[in-house]
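As a plain string of letters, each chain reads:
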Amino acid sequence: MIKARKIAKERYANELGRQAIYLRLVVPANASSTSPWVPTEDVEIEAFAGTFFSSSQSLTLRPENTAGVVRAYIEHKLWDRGLNKLYCIGPMFRRERPQKGRYRQFYQIDAEVIGPASAGSDSPARDAEILELLATLLDRLGIKDWTLQLNSIGCANDRAAYNEALRKALEPVKDKMCVDCQRRAVTNPLRVFDCKVPEDQPIIEKLPRISQFLDEPCRQHFDQVQAILKSVGVEFQLNDRLVRGLDYYTRTAFEFTHGALGAQNAILGGGRYDGLSEALGGPAAPGIGFAIGEDRLVMSLGESAEAVFRKPDVYIAPLGPGMNKEAARLARELRRHDIVVELGEESFRLKKSLEAASKLGSKYALIAGENELSTGVFALKNLATGEQKAVPRSDLAAIILANG
Ligand code: HAM
C-alpha cells in the first residue's frame, strides 16, 4: 500500500496532480442545495449524514472528494492559475452494506484536472492523458489483466433525451423487474444499468443506449479520446452500460476493472464533470478526474505485491549486550542513504538473526559485535550467495547500494 501510494504520488506530483490538496473529512451536509453529497433516492452513493459533536449543524462524513475539490476551486478562485492538477489521498465514508471490496470506511487516491476551458480543460487530450497515466501506473505496479471500460454519457441535453427514452422503454416492462429497478425506472432510470439481478438482464440488454443519444460535439469529443488512446496503445473496452454512480458526470466515464476482485471489481473510476462548478455556484470550469480505491488496488496486487514491496536491503544483527545501541547508530547511517534496514535484537543468537534476515528476504546481513565496532570493519553477508566480506564502516552504504 505504501509503495503503491508512493508510485502514485510520484506520478501525480510529476505529471498529473502537481499539487496536493487537503480537504476536510467532515463537511456540511447541505453545503449546496445541488450538492451531490446530499443523499437522494437512487444516487448510488449515500453519505453518513447526521448531527455530529455538539453542533446543531447537519454534517456529513465525506463520501468522495470531487465535489470538495470543485468547492475549493470556487472558494479560492483557482481559475487564476489556469489548469489545476490536484491530488488528495485519504479516507472516505459511505453508508453501504459491507462486502468484499466494499467498506464503510475506505481509502481513495483522487486526482482532478480542472480549470477554464481557455486552459484546455475540456480537451479530449486531458481525458486520454489521464487514462494513459493510469494504465501506465497499474502496469508499473505490476497489476496484470486490468480492463479499461470506457463510455461517454454525453452532456446534460443528451442525458435528458436519453432519460426520457429510457423511461418510455421501461414503462411497459418495469413490472417484470426487481423492486429496485421498478423504483429506478421512475426516479432515475439510468441507475437501472447498475442492476445485477440475473433475471433483469435480458430486459436491460434491450434498452436504448446512451451512445445513440450523443450530440455531435459529444460524439466528436469521445471519438478523439479513443483515437489518442489507440495511437498510444492503451487498450479499452467500450461499455455503454457504464453510467457511474454519481450524477455530476458528463461525457467521458471510465473504470479500470480487475477480474480477481469479485462483484466489486472496479479498482478505480472517474470521468468528466464539465457542469459541476456551475451547479455549485461557480464559473464554467470543465474538469476530469478519477479516484483509485486503495483497498481494492492492494487486493488486485495479489501475488504481484511481492514485486512491489521493497524488501530490506540489509538486516543488522547486533551481537551481545549493549549492541542494540550501536546497531541503531549503524541503521541511522545507512537509512540516510535510502537503504531499507531491518534491525535485529542483541539477545538473538547469530543463527536466529540470519534466519530472520532470510525470512524477510533481506539482501544482506550485517553483523555488529564488539569486535566489529572496535576495528570499524564489519562482516557483511550476502544472503543470496552466502558470500561474506569484511567491509570498513565507511564503505558499507556503497557496497549495499551497489547490489541494488
Ligand atoms: P467512485 O467510483 O465512487 O468514484 O469511487 C472510486 C473508487 O473508489 C471505486 O472504483 C472503488 O475502487 C473505490 N470505492 C468506492 N466505494 C468503495 C467502498 N465502499 N469500499 C471500498 N472501495 C470503494 C468517485 O468517488 C469519484 N469521486 C471519482 C472521480 C474523481 N470522478 C471524477 N474525479
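Here we summarise the structure given alongside this text. None of the values given here were measured: they were computed from a predicted structure.

**Concerning the sheet that holds strand β5 (residues 84-93)**
Here comes step 1: Pairing within the open sheet is mixed, and its 8 strands lie in the order β1-β5-β6-β11-β10-β9-β7-β8. The sheet is open, and its two edges are formed by β1 (19-20) and β8 (237-238), each paired on a single side.
Here comes step 2: Pairing of β1 with β5 involves 2 bridges; the strand directions are parallel. Paired with alanine 20 across the strands is tyrosine 87, a residue of β5.

**What about the site of the ligand?**
Here comes step 1: Around the ligand sit 28 residues, and of these Glu64, Thr66, Glu96, Tyr103 and Tyr249 come closest.
Here comes step 2: Between the ligand and the protein, one listed contact pairs a nitrogen atom with a backbone N or O atom of glycine 101 at 3.5 Å.
Here comes step 3: For the shell around the ligand, the secondary-structure elements that each account for two or more residues are β6 (105-114), β10 (266-272) and β11 (287-293).
Here comes step 4: For the shell around the ligand, the per-class residue count stands at 12 nonpolar, 8 polar and 8 charged.

**Side note on unusual backbone geometry**
Here comes step 1: Even without being glycine, arginine 251 reaches a positive phi, approximately 50°.
Here comes step 2: Topologically, arginine 251 is positioned in strand β9 (residues 250-258).
Here comes step 3: Although it is not a glycine, aspartate 338 sits at a positive phi angle of roughly 65°.
Here comes step 4: Its location among the elements puts aspartate 338 in the loop between α11 (323-335) and β13 (341-343).

**Structural notes on the packing of aromatic side chains**
Here comes step 1: Scanning all chains against the criterion turns up 5 aromatic pairs.
Here comes step 2: Geometrically, the ring pair formed by tryptophan 146 and phenylalanine 256 is tilted, given 5.2 Å between the ring centres and 55° between the ring planes. One end of the pair, tryptophan 146, is in strand β7 (residues 146-152); the other, phenylalanine 256, is in strand β9, with 110 residues separating them in the sequence.
Here comes step 3: Accessibility expressed as a relative area gives 0% for phenylalanine 256, which makes it buried.
Here comes step 4: With a centroid separation of 6.0 Å and an interplanar angle of 75°, the aromatic rings of tyrosine 248 and tyrosine 273 are classed as edge-to-face. Within this pair, whereas tyrosine 248 is found in the loop between β8 and β9, its partner tyrosine 273 is found in the loop between β10 and α8 (276-279), the two being separated by 25 residues in sequence.
Here comes step 5: By relative accessible area, which is 7% here, tyrosine 248 ends up buried.
Here comes step 6: Between lysine 352 and the ring centre of phenylalanine 348, over which it is positioned, the NZ or CZ distance is 4.1 Å.

**Notes on the state of the cysteines**
Here comes step 1: Tallying each qualifying case throughout the model produces 0 disulfides.
Here comes step 2: With no disulfide of its own, cysteine 195 lies 3.7 Å from the sulfur of cysteine 181, the closest cysteine sulfur.
Here comes step 3: Exposure remark for cysteine 195: the relative accessible area of 6% places this residue in the buried category.
Here comes step 4: Its sulfur unpaired, cysteine 218 is 3.7 Å from the next cysteine sulfur, which belongs to cysteine 155.

**Some details on the packing of helix α3 (residues 124-140) against helix α7 (residues 216-232)**
Here comes step 1: Packing of α3 against α7 leaves a shortest axis separation of 8 Å and a crossing angle of 40°. The angle between α3 and α7 places the two elements in the oblique class. Two packed elements cross with a definite hand, and for α3 against α7 that hand is right-handed. On α7, the residues touching Pro124, Ala125, Asp127, Ala128, Leu131 and Glu132 of α3 are His221, Gln224, Val225, Ile228, Leu229 and Val232.

Rules and cut-offs
- The residue numbers shown here count from 1 along each chain, following its written sequence.
- Given that this is a predicted model, residues contribute local features only at a pLDDT of at least 70 and side-chain atom pairs are listed and counted only at 80 or more, while totals for whole chains, interfaces and linings are drawn from all residues.
- Only hydrogens and water are set aside; all other atoms, that is, all heavy atoms of the structure, feed into the side-chain values.
- Being paired, for any two strands, means DSSP has found at least two bridges between them.
- A run of H or I in DSSP becomes a helix once it reaches four residues, and a run of E becomes a strand once it reaches two; helices and strands are each numbered from the N terminus.
- We call a residue near a molecule or strand when any one of its heavy atoms sits within 4 Å of it.
- What qualifies as a polar contact is a pair of N or O atoms within 3.5 Å, subject to a donor-acceptor requirement within protein and to the restriction that residues adjacent in sequence count only when both atoms come from side chains.
- Polar here means any residue outside two lists: the nonpolar Ala, Val, Leu, Ile, Met, Phe, Trp, Tyr, Cys and Pro, and the charged Asp, Glu, Lys and Arg; Gly therefore counts as polar.
- Side-chain rings of Phe, Tyr and Trp, where Trp is taken by its six-membered ring, are said to pair if the distance between their centres is within 6.5 Å; with planes under 30 degrees apart they count as stacked, over 60 as edge-to-face, and otherwise as tilted.
- Three labels apply to residues, based on accessible area from a 1.4 Å probe with only protein chains included: buried if under 20% of the type maximum, exposed if over 50%, partly exposed otherwise in between.
- Note on criteria: charge over ring means Lys NZ or Arg CZ within 6 Å of the ring centre, with the direction from the centre no more than 35 degrees off the ring normal.
- In this description, the term disulfide denotes a pair of cysteine sulfurs within 2.5 Å.
- Here an axis means a line fitted to C-alpha atoms, over the contact stretch when the element is a helix, while the angle between two N-to-C directions is reported on a 0 to 180 degree scale.
- Working definition: roughly parallel below 35 degrees, roughly antiparallel above 145 degrees, roughly perpendicular at 65 to 115 degrees, and oblique for all remaining angles.
- In this scheme the crossing of two helices becomes right-handed for a clockwise turn of the near helix relative to the far one and left-handed for an anticlockwise turn of less than a right angle.
- Note on contacts: a residue pair is in contact if any heavy atoms of the two residues lie within 4.5 Å.

Read these as layout, nothing more, since geometry by itself doesn't imply function.
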